[in-house]
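This is what each chain is made of:
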Amino acid sequence: MPKVNINRDNLYKALGFDSKTYTQEQFEDLCFAFGVELDEVTSEREMIKNETGVEDLNASDEVIYKIDVSANRYDLLCLEGIARALNVYNHKTSIPKYQIAPPKYGAHEKLYISKEVESVRPVVVAGILRDITFTQESYDSFIDLQEKLHANICKKRSLVSIGTHDLDTLSGPFYYKAMAPKDIKFIPLSQTKEYNAEELFKFYDESSSHLKKFLPIIKDSPVYPVIYDSKNVVCSLPPIINGEHSKIKLSTKNVFIEVTANDRTKANIVLNTMLTMFSEYCQTPFTMEQVNVIDCNGVSTGLYPQIEEKQINAQVDYINKSAGINITPNDMVTLLKRMSLQSKLSSDQKSIIVDVPVTRSGMYFNNNNNNNNNNNNNNNNNNNNNNNNNNNNNNNNNNNNNNNNNNNNNNNNNNNNNNNNNNNK
């Protein structure tokens, strides 16, 4: 299970609790009721000492909660997501409604895909957060969520990687290309010198940089993926590093997020998670702007993000039977709403209609898996019937063969007996 490190005082503030009166035991009870677990209470100073054996007096001693969350709850990998979910659970806020805002300047930003990327990292999606306001805490959380996603669903960037940029430093449209490493030249994040990608890989390979472990993902490819803006400014060299030019700062007001991947489903989940979690800091909360992604043939692959809710219709009797419970339909609706799932009863009150938000991607997969399981069961039944028929046929054939063999043996025995009698005579 993933662990999320969250500053206790910041979390309590977001939950409307007073850290002087609200106890750790009360928070543990809340976590248990909701379905997560407070695994450890520590501090930055204590974590550094445990890792290095040396106490860093400059490190913070503010309390940090390490919270265990479910593996498929990517919306709980940051303070924003956990606080949002717990506030809905505690009836302190309503379930957020994520919305697509119209393009600020009348037309969607465009991102063009080059054919060459098919051989190295074929998928790209993107979206925009407009008029956002960062604080140091939310900025740190924004960076940390990227790392959490990279470590979990992104499989250490091998499947998916995230690039975030100050949109006001760039000029659309954008271009997703694949080029020879020596032809990609830019100043990487946190550096002051320009490198080509070949030189940059050598620099990271010979250093102790944390980026070193990601180099093998594309190192042996003859071409590397790269995203440019219309002025030939490198935005990112995925999945390794962003460009220094478009670095996110506390003063950033408009954020361009691009996600490259080998898996389109996971790319969408990651993009949607980043946008939904931090859209609360936009001037119009929970809104985001779409980007038009255009393939190598000039055809739009769609507008991203795609955040339409999905509906699931569940039978009340089936829920009670499957979960081994016995609660009323109205109670089910109330409990689902506490878990941020907008729900209502059908007209006959025999089923519940649940609106699944884009933040709960795991429920989409489970729904698909149920369909697959049904198909598998049908196939298994058919296979069993076929096997039974084959077994019956084999048994019949064996019986017939045995009967024939017995008859032949009897005939042979009779013949032998007759011959013996004749000889005796």
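Residues numbered from 1 in each chain as written. Predicted model: local features only at pLDDT ≥ 70, side-chain atom pairs only at ≥ 80, totals over all residues. Heavy atoms only, no water.

(A) Quick peek at the overall build of the protein chain. Along its length, the protein chain carries 10 helices and 19 strands. Per-residue burial over the protein chain gives 42% buried out of 425 residues. For the protein chain, restricting intrachain contacts to residue pairs at least 6 apart in sequence, the fraction spanning at least 24 positions comes to 70%. Accessible surface, the protein chain: about 22,700 Å² in total, of which carbon and sulfur atoms supply 43%. (Helix = DSSP H or I, 4+ residues; strand = E, 2+ residues; numbered from the N terminus. Buried < 20%, exposed > 50% of the residue type's maximum accessible area, 1.4 Å probe, protein only. Contact = heavy atoms within 4.5 Å. Areas by Shrake-Rupley, 256 points an atom, 1.4 Å probe, with all protein chains shown as cover.)

(B) Expanded view of the environment of Leu271. Along the chain, Leu271 turns up in helix H7 (residues 264–278). Spatially, the C-alpha atom of Leu271 lies 8.0 Å from that of Ile162, the residues being 109 residues apart in sequence. Discounting chain neighbours no more than four positions away, the residues touching Leu271 are Val125, Ala126, Gly127, Ile257, Val259, Tyr304 and Pro305.

(C) Summary view of the pattern of salt bridges. Scanning all chains against the criterion turns up 17 salt bridges. For Arg73, the salt bridge is made with Asp75, and the minimal N-O distance between the two is 2.8 Å. Each member of the pair Arg73 and Asp75 is classed as buried. A single salt-bridge network, built from bridges that share partners, covers Lys3, Asp39 and Asp68. (Salt bridge = Lys/Arg side-chain N within 4 Å of Asp/Glu carboxyl O.)

(D) Expanded view of the packing of helix H4 (residues 79–89) against H7. At their nearest, the axes of H4 and H7 sit 9 Å apart, and the two run at 65° to each other. In terms of orientation, H4 and H7 fall into the roughly perpendicular class. For the element pair H4 and H7, the recorded crossing hand is left-handed. The segment H4 lies against H7, with Glu80, Gly81 and Arg84 engaging Thr276, Met277 and Phe278. (Axes fitted to C-alpha atoms, helices over the stretch in contact; angles between N-to-C directions. Parallel < 35°, antiparallel > 145°, perpendicular 65-115°, else oblique. Left-handed = near helix turned anticlockwise from the far one by under 90°.)

(E) A look at the sheet that holds strand S3 (residues 63–68). Pairing within the open sheet is antiparallel, and its three strands lie in the order S1-S3-S2. Each edge of the sheet is formed by a strand with only one pairing partner; in this case those strands are strand S1 (3–7) and strand S2 (37–43). Taking each pair of neighbouring strands and ignoring which way they run, the sheet shows an average axis angle of 25°. Where S1 and S3 come together, five bridges link them in antiparallel fashion. Note on S3: the bridge partner recorded for Ile6 is Tyr65. Strand contacts of helix H2 (residues 24–34): S2 and S3, with the helix running at about 145° to S2, the strand carrying the most contacts. Against the sheet, helix H3 (residues 44–52) touches S1, S2 and S3, its axis set at about 85° to S2. (Pairing = 2+ DSSP bridges.)

(F) Local environment of the side chain of Thr276. Within the secondary structure, Thr276 sits in helix H7. Excluding anything up to four places from it in sequence, Thr276 contacts Arg84, Tyr98, Phe286, Met288, Val358 and Thr359.

(G) Here's a closer look at unusual backbone geometry. Cis peptide bonds are those with omega within 30 degrees of zero, and the linkage from Gly172 to Pro173 qualifies with 0°. Topologically, Pro173 is positioned in the loop between strand S7 (160–166) and strand S8 (174–179). Between Pro238 and Pro239 the backbone carries a cis peptide bond, its omega angle lying at 5°. Following the sequence through the fold, Pro239 ends up in the loop between strand S12 (234–237) and strand S13 (241–242). Phi is positive for Asp131, which is not a glycine, with a value near 55°. Locating Asp131 in the fold gives a position in the loop between strand S6 (123–129) and helix H5 (136–151).

(H) Local environment of the nonpolar core. If you look at the biggest cluster of nonpolar residues, it comprises 95 residues, and the most contacted ones within it are Leu11, Phe27, Ile67, Leu149 and Ile257. A total of eight residues in this core trace back to one element, the largest contributor, which is H7. Within the second largest apolar cluster, nine residues are counted, among which are Ile312, Val316, Leu341 and Val356. (Core = buried A, V, L, I, M, F, W, Y, C linked by side-chain atoms within 4.5 Å.)

(I) Inspection of a negative patch on the surface at higher detail. Side chains of Glu44, Asp61, Glu62, Glu137 and Asp140 sit close together on the surface and give a patch of like negative charge. Residue position: Asp140 is located in helix H5. (Patch = residues over 30% accessible without salt bridge, like charges linked within 9 Å, V, L, I, M, F, W, Y side chains within 5 Å. Lys, Arg positive; Asp, Glu negative; His and termini not counted. Charge placed at Lys NZ, Arg CZ, Asp CG, Glu CD.)

(J) Examining the sheet that holds strand S19 (residues 351–356) more closely. Here three strands make up an open sheet; going across it, the order is S17-S19-S18 and the pairing antiparallel. For this open sheet the edge positions go to strand S17 (310–315) and strand S18 (342–345), each flanked by a neighbour on one side alone. On average, adjacent strands in this sheet sit at an angle of 20° to one another, irrespective of strand direction. As paired strands, S18 and S19 are joined by four bridges and run antiparallel to one another. Across the sheet, residue Ser343 finds its bridge partner in S19, namely Val354. Along the sheet, helix H9 (residues 329–338) contacts S18 and S19; its crossing angle with S18, the most-contacted strand, is approximately 170°.

(K) Up close: the confidence of the model for the protein chain. The predicted model of the protein chain has a mean per-residue pLDDT of 88, with 85% of residues at 70 or higher. For residues 365–425, every residue scores under 50 in pLDDT, and the model assigns this stretch three contacts once sequence neighbours within four places are set aside. (pLDDT = per-residue confidence, 0-100.)

(L) Representation of the packing of aromatic side chains within the structure. Scanning all chains against the criterion turns up 17 aromatic pairs. For the ring pair Tyr12 and Phe27, a centre distance of 5.9 Å and an interplane angle of 55° mean the geometry is tilted. You can see Tyr12 sitting in helix H1 (residues 8–15) and its partner Phe27 sitting in helix H2, a full 15 residues away along the chain. Consider the rings of Tyr195 and Phe203, whose centres lie 5.3 Å apart with planes at 35°: the pair is tilted. Accessibility expressed as a relative area gives 9% for Tyr195, which makes it buried. (Phe/Tyr/Trp six-rings, centres within 6.5 Å; stacked < 30°, edge-to-face > 60°.)

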